[in-house]
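Spelled out, the chains give:
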Amino acid sequence: MTGKPPSKSPVRKRLDGYWKLEVANAALIPAFVVAMCHIYGEGAGWLTWLALFPTAGLLLVGGLYWRGKLRALEGSERALDAALRLADKAQWPSLVLSLLSVALVLADLLFGLPGVTGTDRWAAGGSGILALLEYVNYYHRQLQHFDNAADFKRLLTGRGMRPAKMAVDLAAWRGD
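The structure contained in this document is the topic of the report that follows. Counting from 1, residues in each chain are numbered in the order their sequence is written. Only residues with pLDDT of 70 or above have their local features reported here, since the model is predicted, and side-chain atom pairs are shown and tallied only from 80 upward, although totals for entire chains, interfaces and linings are computed over all residues. With hydrogens and water stripped out, all remaining heavy atoms of the structure feed into the side-chain values.

### Side note on the nonpolar core
Most often, soluble globular proteins keep nonpolar side chains buried together rather than apart.
Phase 1 of the analysis: Ranked by internal contacts, the top residues of the largest apolar core, which has 20 residues, are Trp66, Tyr139 and Met166.
Phase 2 of the analysis: Working definition: helices are DSSP H or I runs of at least four residues, strands are E runs of at least two. Numbering for both runs from the N terminus. Of all the elements in the fold, those that place two or more residues in this core are helix H1 (10-40), helix H2 (46-73), helix H3 (77-111), helix H4 (118-139) and helix H6 (165-174).
Phase 3 of the analysis: Of the residues forming this core, the biggest block, six residues, is contributed by H2.
Phase 4 of the analysis: By definition in these notes, contact holds between two residues if any of their heavy atoms fall within 4.5 Å. When neighbours within four sequence positions are excluded, Trp66 is seen to be in contact with Leu15, Tyr18, Trp19, Glu22, Tyr138 and Lys165. Here the nonpolar core consists of buried residues drawn from Ala, Val, Leu, Ile, Met, Phe, Trp, Tyr and Cys, with membership extended through side-chain atoms lying within 4.5 Å. Throughout this description, buried means an accessible area under 20% of the type-specific maximum (1.4 Å probe, protein chains only), exposed means over 50%, and partly exposed covers the range between.

Following this line, the structure appears as C-alpha cells:
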C-alpha cells in the first residue's frame, strides 16, 4: 500500500465540485449583488433582499443535494435522503418567493413601490430571474449544459433538455 488515498472517479470529482460551488454561490452571489448595489446606487433595498432569499436558498438546497448525491455514491444513502427531504420541504416556498419577487419588480415598474430605487429594482429583477432559473434547473429541467460534454452534445443535437437530476430523485423518493 502506497499510503495514497484512492482517486475519485470523474463523476465523484464533478459532484464534489458541484456541491462546493453551489454552496459557495449561495453566499457569493448575494454578497456580489449587495456590493454592486452599494457601488452603483443607493444600496440593496427590501426588494433586493426579498429576491436574494430564494436565490440563495435554492443554491443552498442544490448544493446540499449534490453533496448528498456524492455521499450516496460513497455509500451513505442517509445523506441523500436528508437532502431530498430538505428539497421537498423547500420546493413550494422557493417557487412562491421567487414568483413574488419577480411580481413585485413588475409591480414596481408599472406602479412604483415605496422604498424601491432604480438600483434595487435591477438587482431584485436579476436576482428574482436567477431564482426562477435555479428553481427550474433543480425541480424541472436541467438548464446547465456547458460543464459536461455529453449534456452539451445532447443540447446541440436537438434532443432537448433532460429532466433535472434532483427532480428525478425527488419523484423516486416521493414514490411518484
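### Re the layout of surface pockets
Gaps left between atoms are located by rolling a probe of water-molecule size over the structure's atoms.
Phase 1 of the analysis: Size it by volume and the second largest pocket reaches roughly 160 Å³.
Phase 2 of the analysis: Forming the boundary of the second largest pocket are Phe53, Pro54, Gly57, Leu60, Val61, Leu86, Ala90, Pro93, Ser94 and Leu97.
Phase 3 of the analysis: Only H2 and H3 provide two or more residues apiece to the lining of the second largest pocket. A 1.4 Å probe that fits but cannot get out identifies a cavity on a 1 Å grid over protein atoms alone, an open set with protein on both sides within 12 Å along at least five of seven lines counts as a pocket, and a residue lines either if it has an atom within 4 Å of a point. Grid points are joined across faces, edges and corners, and a volume is the space filled by probe spheres set on the points.

### Here we look at the packing of aromatic side chains
Phase 1 of the analysis: In this analysis, rings of Phe, Tyr and Trp, with Trp reduced to its six-membered ring, are considered paired at centre separations within 6.5 Å, and the interplanar angle assigns stacked below 30 degrees, edge-to-face beyond 60, and tilted for intermediate values. Considering all chains together, one arrives at three aromatic pairs under this definition.
Phase 2 of the analysis: Arranged with centres 5.1 Å apart and planes meeting at 55°, the rings of Tyr18 and Trp66 form a pair that is tilted. On the criterion of sequence distance, the pair formed by Tyr18 in helix H1 and Trp66 in helix H2 is long-range, its members being 48 residues apart.
Phase 3 of the analysis: Look at Trp66 and you get buried, because its relative accessible area is 14%.
Phase 4 of the analysis: By the ring-pair criterion, three or more aromatic residues cluster together here, those being Tyr18, Tyr65 and Trp66.
Phase 5 of the analysis: In this analysis the charged atom, NZ for Lys or CZ for Arg, is taken to sit over a ring once it is within 6 Å of the ring centre and within 35 degrees of the ring normal. Positioned above the aromatic ring of Trp19 is the side chain of Arg67, whose terminal nitrogen or guanidinium carbon lies 5.4 Å from the ring centre.

### Remarks on H1
In an α-helix, one turn spans 3.6 residues, which is why side chains three or four residues apart end up on the same side.
Phase 1 of the analysis: Bend, in this description, refers to the angle at a residue between axes fitted to the seven residues ending there and the seven starting there. Considering bend angle alone, the principal kink of H1 is centred on Asn25 and spans about 35°.
Phase 2 of the analysis: For H1, the full list of buried residues reads Leu15, Asp16, Tyr18, Trp19, Glu22, Asn25, Ala26, Pro30, Val33, Val34 and Cys37.
Phase 3 of the analysis: Elements that come into contact with the buried residues of H1 comprise H2 and H4.

### Here we look at the packing of H2 against H6
Phase 1 of the analysis: Axis lines are fitted to C-alpha atoms, over the contacting stretch for helices. Their N-to-C directions set the angle, which ranges from 0 to 180 degrees. Two elements in contact, H2 and H6, have axes separated by 11 Å at closest approach and are oriented at 70°. Relative to H6, the element H2 lies roughly perpendicular. Seen from above, H2 lies across H6 with left-handed handedness. Residues Val61, Tyr65, Trp66 and Lys69 of H2 lie in contact with H6, whose contacting residues are Lys165, Met166 and Asp169.
Phase 2 of the analysis: Of the residues belonging to the contact of H2 with H6, the class tally is four nonpolar, no polar and three charged. Each angle gets one of four labels, with under 35 degrees taken as roughly parallel, over 145 as roughly antiparallel, 65 to 115 as roughly perpendicular, and the rest as oblique. It is the rotation of the near helix from the far one that decides the hand of a crossing: anticlockwise by less than a right angle makes it left-handed, clockwise makes it right-handed. The classification used treats Ala, Val, Leu, Ile, Met, Phe, Trp, Tyr, Cys and Pro as nonpolar, Asp, Glu, Lys and Arg as charged, and all other residues, Gly among them, as polar.

### Focus: H3
Phase 1 of the analysis: Its 35 residues place the ends of H3 50 Å apart at the C-alpha level, agreeing with the 51 Å of an ideal helix rising 1.5 Å per residue.
Phase 2 of the analysis: The largest bend in H3 is about 40°, located at Ala90, with the proline Pro93 one to four residues further on.
Phase 3 of the analysis: Immediately beyond the C-terminal end of H3, within one or two residues, lies Gly112, with a positive phi of roughly 80°. Given a helix with a known number of residues, its expected span is that number minus one, times 1.5 Å.

### Digging into a nonpolar patch on the surface
Phase 1 of the analysis: For patch building, the residue pool is restricted to those with more than 30% relative accessible area and no salt bridge; the joining distance is 9 Å between like charges and 5 Å between nonpolar side chains (Val, Leu, Ile, Met, Phe, Trp, Tyr). Using a 1.4 Å probe, accessible areas were evaluated by the Shrake-Rupley method; residue-level cover was limited to the displayed protein chains. By salt bridge we mean one thing: a side-chain nitrogen of Lys or Arg within 4 Å of a carboxyl oxygen of Asp or Glu. On the surface, Ile129, Leu133, Val136, Leu143 and Met161 cluster together into a nonpolar patch covering about 380 Å² of accessible area.
Phase 2 of the analysis: Secondary-structure assignment places Leu143 in the loop between H4 and helix H5 (149-156).
Phase 3 of the analysis: Among the residues examined, Leu143 registers a relative accessible area of 31% and is labelled partly exposed.

### Points about the pattern of salt bridges
Phase 1 of the analysis: As enumerated under the stated definition, the model contains six salt bridges in all.
Phase 2 of the analysis: Salt-bridge contacts for Arg71 lead to Glu74; the nearest nitrogen and oxygen are separated by 3.2 Å.
Phase 3 of the analysis: Given the relative accessible area of 22%, Arg71 is considered partly exposed.
Phase 4 of the analysis: Glu74 sits in the partly exposed class, given a relative accessible area of 40%.
Phase 5 of the analysis: Between Arg121 and Asp108 there is a salt bridge whose closest N-O contact spans 2.3 Å. Pair noted here: Arg121 is in helix H4 and Asp108 is in helix H3, with a separation of 13 residues, a long-range link.
Phase 6 of the analysis: By relative accessible area, Arg121 is classed as partly exposed at 22%.

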